[in-house]
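Listed below, chain by chain, are the residues.
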Amino acid sequence: MTVTWTQHRFSGGVLALSVANTVVHRDDADLTFDRFEDRGEIARFAEAANVYCADELGGRSLSVSPSAAVAAKIIALREATDRLFRHVAGKGVLETDHLSEFMLAAAKALEGHDDTVSPDRPFGSPETPLAFEAGVALSALSLLQQDRLRRIRICRNCAWLFLDRSRNASRLWCDMAVCGNRQKAKRHYRRQMAEKGG
Ligand SMILES: [Zn+2]
């Protein structure tokens, strides 16, 4: 079954967190699954990221090599990204073991691309495509800035990671229109059941 890569699936707010969120329901062993299990989805995700992450990427497009070695780098980086930033969001601290695993995975994703980036163009020049795994690494590394670390959250409904860009840094859900409403519906349902039962 192919995945429809809707805007909602980019609610992480930055490319690297939306990649981390391609494993859904990480908090629930019964529900969790990997949308990249079919490796063909990585290229389809990248195509959608070119649209939904265009601002972050400075208009540079992402290209995906279909090789198994590249897929393995992407998955290793995705898992290291999730471990590092989920811990930051939950506990407020970086674990140096997580950081070491993450830096190694990011290094492997950046290795051998012979590319350049700059303060004005953190993802490089849009004239040529950027390797997907390098783009994910650059996006993930950008989260290490203090002001961003403080704004990484875990959605209270679906356990996705997201960067909270709200003015008072108080967002509870990755996507108000989806997860915010589901939480409200759940509360409403529980209240109704309680009234019936009482
Ligand atoms: Zn959510």
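Residues numbered from 1 in each chain as written. Predicted model: local features only at pLDDT ≥ 70, side-chain atom pairs only at ≥ 80, totals over all residues. Heavy atoms only, no water.

1. Focus: unusual backbone geometry
For step 1, the next point in the chain: Even without glycine at this site, His25 takes up a positive phi of about 50°.
For step 2, the next point in the chain: Here His25 shows up in the loop between strand E1 (23-24) and strand E2 (33-34).
For step 3, the next point in the chain: For His25, a relative accessible area of 27% gives the class partly exposed.
For step 4, the next point in the chain: Positive phi values are uncommon outside glycine, yet Ala169 reaches one of about 50°.
For step 5, the next point in the chain: As for its position among the elements, Ala169 is in the loop between strand E6 (161-163) and helix H7 (176-197). (Helix = DSSP H or I, 4+ residues; strand = E, 2+ residues; numbered from the N terminus. Buried < 20%, exposed > 50% of the residue type's maximum accessible area, 1.4 Å probe, protein only.)

2. What about the environment of Ser100?
For step 1, the next point in the chain: You can see Ser100 is positioned in helix H4 (residues 96-110).
For step 2, the next point in the chain: Along the sequence, Ser100 and Met193 sit 93 residues apart, while their C-alpha atoms lie 48 Å from each other.

3. Digging into the packing of helix H3 (residues 68-91) against H4
Packed helices, taken two at a time, are described by their axes: the angle between them and the distance between them.
For step 1, the next point in the chain: It is at 9 Å that the axes of H3 and H4 come closest, and there the two elements cross at 150°. As the angle between them shows, H3 and H4 are arranged roughly antiparallel. For the pair H3 and H4, the crossing hand works out as left-handed. Contacts from Lys73, Ala76, Leu77, Ala80, Thr81, Arg83, Leu84, Phe85 and His87 in H3 reach His98, Leu99, Glu101, Phe102, Ala105, Ala106, Lys108 and Ala109 in H4. (Axes fitted to C-alpha atoms, helices over the stretch in contact; angles between N-to-C directions. Parallel < 35°, antiparallel > 145°, perpendicular 65-115°, else oblique. Left-handed = near helix turned anticlockwise from the far one by under 90°. Contact = heavy atoms within 4.5 Å.)

4. A word on the packing of aromatic side chains
For step 1, the next point in the chain: Applying the stated criterion to the full structure yields seven aromatic pairs.
For step 2, the next point in the chain: Relative to Phe45, the ring of Phe36 has its centre 5.4 Å away and its plane inclined at 85°; by these criteria the two rings are edge-to-face.
For step 3, the next point in the chain: With a relative accessible area of 0%, Phe36 lands in the buried category.
For step 4, the next point in the chain: The exposure class assigned to Phe45 is buried, which follows from its relative accessible area of 0%.
For step 5, the next point in the chain: Cluster of aromatic residues (ring-pair linked, three or more members): Trp5, Phe10, Phe36, Phe45, Tyr52 and Phe132. (Phe/Tyr/Trp six-rings, centres within 6.5 Å; stacked < 30°, edge-to-face > 60°.)

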